[in-house]
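Okay, here's what each chain looks like letter by letter:
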Amino acid sequence: MLLEIHEPGQTPLPHESVSAIGIDLGTTNSVVAVSQSGKPEVICDEHGVALLPSVVAYGDDGGATVGAAASALIQEQPDRVVSSIKRLMGRGIDDLNAVAGTLPFDVATDERDGMVRLSLAGRTLSPVEISADILRATRARAETGLGREVTRAVITVPAYFDDAARTATKDAARLAGLEVLRLVNEPTAAALAYGLDQGAEGLYAVYDLGGGTFDISVLRLEKGVFQVLATGGDAALGGDDFDHAIAEHLLSARGVGEGTLSAGEIKSVLATARAAKEGLTTADSVSVELTVGGETTTHTIDRATFEQLIAAHVGRTIEICRQVLDDAGFAPDETKGVVLVGGSTRVPAVHNAVADFFGGRPLGNIDPDAVVALGAALQAEALTAGSDTLLLDVTPLSLGLGTMGDLVEKIIHRNTPIPVARAQEFTTYQDGQTGMIIHVVQGEREMVDQNRSLAKFELTGIPPMVAGAARIRVTFAVDADGLLTVTAREETTGTESKVEVKPSYGLAEGVIERMLHDSLAHAQEDVTRRLLTEARVDAERVILATRAALTADVALLENGEGAVIESAIATVETAAAADDRDAIQAAIEALDHAAQPFAQRRMDRSIAAALGGKSIDAIDAELQNTENTGPT
Amino acid sequence: MTAESNIQVNVCWSCHGGVREGQAFCETCGAVQPPGQTDHFARLGLDRQFDLNPDDLQTRYFALQRALHPDRFASRSEQERAISMQQSTSINEAFETLKDPLRRAEYLLSLGGFTVNAETGNLPTDPAVLAEAMETREALMEAETAAAVADLADDVRTRAETCRADLAMAFAGSDLARAATLATRLKYLEKFGDEVRRRQATLQAAQ
């Protein structure tokens with residue numbers, strides 16, 4: 001339907017020859033991969049290691065060290081090192097209670113904007129900035145591995161990430177100098193890696209239990225289309241909770257209260273717990289040494305005890321699976337298979353619970369730590385080089401508005417396919433009311449304060465009318481990345497107010513710009529280059545469109561007009577080959593101008609055809625005849 | 001055959017030639033076109049009727065999304081990306097509306113000037129529907145065991161199935177008034193079915 005033909009002798013406009021990468025920005029580890037010709041590969045470091053610990057250490061000079069080197073400093077210099085930052089992405093002060101006590105670092109909150117910030121090595125940093133440092137490290141690894149510059153990426157997020165966390169992730173990528181081609185949900189990425197590998201068709205579930213998040217998605221796979229039917233999860237449930245359960249168990253065995261420990265000791269206890277958990281994947285019993293208050297004790301934990309400690313967490317994941325399947329309208333045994341993703345699925349109790357629930361052996365032959373990044377790399381290739389696969393995703397959580405009595409009116413229900421746009425009309429409840437607060441919330445509960453507040457803004461300038469007379473139309477639009485835009489409009493006067501929902505807990509646009517400026521990440525250069533690329537893409541489109549019109553409607557050209565348009569096309573081509581964006585745009589405008597009378601004749605002809613009840617083909621045939629009979 | 005004089009012609013935003021309303025791509029230059037104001041059935045290439053084959057609907061939906069989803073336009077110009085987003089949004093809206101029998105019925109009725117409005121708290125006005133609502137609600141209150149609730153769930157499912165079949169017949173016979181009553185009944189039964197299933201889940205979890 002859509003053909004791109006390059007005329008002989010015409011070289012296509014230059015495209016940037018850089019690859020797009022796939023990044024799994026994980027709670028515990030991050031992985032970067034690239035795909036060429038449908039074959040995705042993890043990019044390892046110089047020692048052949050695939051996993052990059054999502055741990056950042058900050059030095060006195062403000063420099064950041066990411067990965068294993070930073071992990072090594074956790075116990076020595078706990079005030080400089082941060083891990084599991086993903087759990088705080090897009091979160092505000094009010095959310096901290098939900099994760100309180102489970103975080104291996106001290107959190108400072110900023111009263112001015114309600115955002116969470118961390119004090120590290122004497123600096124105050126936001127989760128977005130820390131995540132940007134991790135993304136910079138993955139980008140650097142990819143550039144070293146591929147031997148060329150990388151500026152575009154597909155980044156994965158938990159399907160259950162809300163709007164705030166998604167926006168925060170995209171902001172982090174911008175700070176790291178990466179253009180996000182698409183945010184892809186982790187389970188979808190995993191399905192992509194499996195689906196392409198095995199040509200699977202039918203109904204599949206993806207069970208993804210990572211370090212800090214749990215996701216379950218149900219997908220229909222059919223001839224390269226990955227249609228997400230329902231998704232659910234818990235953005236604060238993962239292997240870290242297992243570590244924490246073991247740590248509490250160990251400390252209570254020692255009779256030590258957690259409150260008495262130093263930051264270094266807490267991190268050390270959690271590391272011990274983690275080692276115990278990993279040991280219990282294969283062993284029936286492990287013994288670990290716990291050093292607290294300068295005293296070391298030895299403890300034995302058997303698998304049965306461990307499974308008892310984590311039973312509630314595992315049970316919760318299965319309960320969510322049941323609900324998501326119910327949402328999709330299927331029974332567990334209707335799934336053809338279940339894919340396991342995330343390091344925590346190595347825990348035998350998790351593996352067994354999943355097998356029991358879905359009634360079959362889960363698929364796990366792709367490394368669960370790498371599968372998400374591999375899927376992201378495939379999608380990055382699909383978006384840049386083209387592909388037959390298509391991901392159709394859904395909104396993970398319902399989106400609505402706070403109304404009278406603090407009740408939530410849902411506008412877009414969870415598991416609605418995206419992109420989506422829905423509108424609803426509201427009215428004023430007081431005579432002469434001229435303003436209306438639009439409070440955007442995300443979640444499934446009935447009361448406003450039980451849900452996540454995403455944004456609050458006021459539509460002003462409503463003309464004074466009696467209560468109930470104004471018609472305020474509020475439109476929610478969610479794009480393919482799952483990001484929301486809300487528009488409010490008073491219909492009788494056209495008063496409009498539009499917000500790109502920058503979540504209440506996100507960074508303000510100005511803050512991001514300043515960070516970009518401060519980061520010395522060649523921000524200006526990046527922006528300039530992007531605008532230039534955009535102008536070149538547009539130049540290419542205009543040339544193709546004009547050539548197509550010239551070919552189709554050559555009969556409508558007047559004397560000498562063809563040559564004038566051809567020359568304008570040549571000017572656009574010359575401009576696009578150079579680096580001046582303004583020159584390209586000026587050339588495009590000149591071409592539009594030169595082709596204007598020709599376009600008008602084409603349009604008139606189309607309208608004449610429609611009005612005269614003739615098909616365009618018939619008119620064309622007449623024109624052909626006129627031409628053939630006329631002098632040549 | 002439709003009269004050709006009814007064809008509306010739009011201007012292609014890219015090559016400025018004429019494009020017939022409803023065409024997703026310009027026939028001359030291939031540029032993607034805005035979705036326009038066509039109804040959900042026409043958007044998916046279907047006749048405006050209640051009966052449809054779900055597999056066929058799914059196939060048409062996938063084919064359209066394959067051609068028009070924003071991911072297909074990731075490296076194209078900003079306008080093309082924005083337009084494909086609108087197209088993809090419209091296709092999702094059409095598919096979501098038509099795939100569910102109740103929403104499809106409501107949509108068809110709205111095209112025919114009828115509204116089904118059980119959601120805003122209006123009690124069903126049809127005496128038979130009202131009586132059924134009271135009877136089933138009473139049955140749920142009396143059902144105390146998981147087995148009794150499961151029986152009720154089966155019963156409601158059967159009623160809904162029958163109602164869908166009746167709805168199809170009413171539409172086939174162009175009896176929109178009857179279809180409106182049946183759609184109200186189906187809306188009640190589906191809502192009530194959700195309630196029964198929630199009760200069932202609570203009882204199962206308590207066991």
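As the structure is a prediction and not an experimental result, all values here were calculated from the model. (Residues numbered from 1 in each chain as written. Chains lettered and ligands numbered in written order. Predicted model: local features only at pLDDT ≥ 70, side-chain atom pairs only at ≥ 80, totals over all residues.)

### Thoughts on the overall build of chain A
Okay, step 1: Summing up its helical and strand segments, chain A has 15 helices and 27 strands in all.
Okay, step 2: By residue count, 46% of the 632 residues in chain A fall in the buried class. (Helix = DSSP H or I, 4+ residues; strand = E, 2+ residues; numbered from the N terminus. Buried ≥ 20, exposed ≤ 12 C-beta atoms within 10 Å, placed from the backbone.)

### A word on the sheet that holds strand β5 (residues 56-58) of chain A
Strand pairing in a sheet is mediated by backbone hydrogen bonds. Such pairs are either parallel or antiparallel.
All names here are of chain A.
Okay, step 1: Strand order in the open sheet made by the three strands is β6-β5-β7, with antiparallel pairing throughout. With one partner strand each, in any of the chains shown, β6 (64-66) and β7 (81-82) form the two edges of the open sheet.
Okay, step 2: By the bridge criterion, two bridges tie β5 to β7 in an arrangement that is antiparallel. The residue bridging Val56 from the neighbouring strand is Val82, located in β7.
Okay, step 3: Sheet strands touched by helix α3 (residues 127-146): β5, β6 and β7. Its angle to β6, the strand with the most contacts, is close to 60 degrees. (Pairing = 2+ DSSP bridges. Contact = placed C-beta atoms within 7 Å. Axes fitted to C-alpha atoms, helices over the stretch in contact; angles between N-to-C directions.)

### A closer look at the sheet that holds strand β21 (residues 408-412) of chain A
Residues and elements named next belong to chain A.
Okay, step 1: Strand order across the open sheet formed by four strands is β21-β20-β23-β24, with antiparallel pairing between neighbours. Of all strands in the sheet, those with a lone pairing partner are β21 and β24 (452-459), marking the two edges. Taken pair by pair, the neighbouring strands of this sheet meet at an average axis angle of 30 degrees, ignoring direction.
Okay, step 2: The sheet contact formed by strand β20 (residues 399-402) and strand β23 (residues 436-442) spans three bridges and is antiparallel. Bridge pairing in β23 links Leu399 to Gln442.

### Notes on helix α9 (residues 348-358) of chain A
All names here are of chain A.
Okay, step 1: Along α9, the residues that are buried comprise Val350, Val354, Phe357 and Phe358. Down the axis, α9 shows its buried residues gathered within 85 degrees of arc, on one side only.
Okay, step 2: Buried positions along α9 lie against β13 (202-209), α8 (303-328) and β18 (337-341).
Okay, step 3: One or two steps after α9, the chain reaches Gly359, where phi turns positive at roughly 65 degrees. (Arc of directions from axis to C-beta.)

### Examining the interface of chain B and chain A
Okay, step 1: Each side of the interface is counted separately: chain B has 33 residues, and chain A has 40 residues.
Okay, step 2: If you list the elements that add at least two residues to the side of chain B that touches chain A, you get β1 (9-11), α2 (54-68) and α3 (78-99) of chain B.
Okay, step 3: For the side of chain B that touches chain A, the element with the highest residue contribution is α3(B), accounting for six residues.
Okay, step 4: Residues that form the side of chain B that touches chain A fall into these classes: 13 nonpolar, 14 polar and six charged. (Nonpolar A, V, L, I, M, F, W, Y, C, P; charged D, E, K, R; others polar.)

### As for the nonpolar core
Okay, step 1: Core analysis: the biggest nonpolar cluster contains 192 residues, and A:Ile21, A:Ala33, A:Ala153, A:Ala373, A:Ala376 and A:Val572 have the highest contact counts within it.
Okay, step 2: Top contributing element to this core by residue count: helix α10 (residues 371-385) of chain A, with 10 residues.
Okay, step 3: Every residue in contact with A:Ile21, bar those within four places of it in the chain, is listed here: A:Val32, A:Ala33, A:Val34, A:Ala142, A:Val150, A:Ala153, A:Ala377 and A:Ala380.
Okay, step 4: Among the nonpolar cores identified, the runner-up in size contains 20 residues, and B:Tyr107, B:Val149, B:Leu167 and B:Ala180 belong to it. (Core = buried A, V, L, I, M, F, W, Y, C linked by C-beta atoms within 7 Å.)

### Some points on the domain arrangement of chain B
Okay, step 1: Looking at the assigned domains, one finds that chain B contains domain 1 (4-99) and domain 2 (127-206).
Okay, step 2: On a C-alpha basis, the centres of domain 1 of chain B and domain 2 of chain B stand 36 Å from each other. (Domains from an automatic or database assignment.)

### Comments concerning unusual backbone geometry
All names here are of chain A.
Okay, step 1: A cis geometry characterises the amide bond from Ile418 onward to Pro419, with omega recorded as 0 degrees.
Okay, step 2: Notably, Lys223 is not glycine yet its phi reads approximately 45 degrees, a positive angle.
Okay, step 3: Relative to the helices and strands, Lys223 resides in the loop between β14 (214-222) and β15 (225-234).
Okay, step 4: Phi angles above zero are rare outside glycine, and Asn415 is one such case at about 65 degrees.
Okay, step 5: Tracing the backbone through its elements, the reader meets Asn415 in the loop between β21 and β22 (420-426).
Okay, step 6: In this structure Asn415 comes out as partly exposed when scored by C-beta crowding, with 19 C-beta atoms within 10 Å.

### Points about the confidence of the model for chain A
Residue and element names in this part refer to chain A.
Okay, step 1: Taken over all residues, the pLDDT of chain A has a mean of 82, while the share at 70 or more is 84%.
Okay, step 2: In this model, residues 1-17 is a region of pLDDT below 50 whose contacts with residues beyond four sequence positions or in other chains number 12 contacts.
Okay, step 3: The low-confidence segment residues 626-632, where pLDDT is below 50, has one contact with residues more than four positions distant or belonging to other chains. (pLDDT = per-residue confidence, 0-100.)

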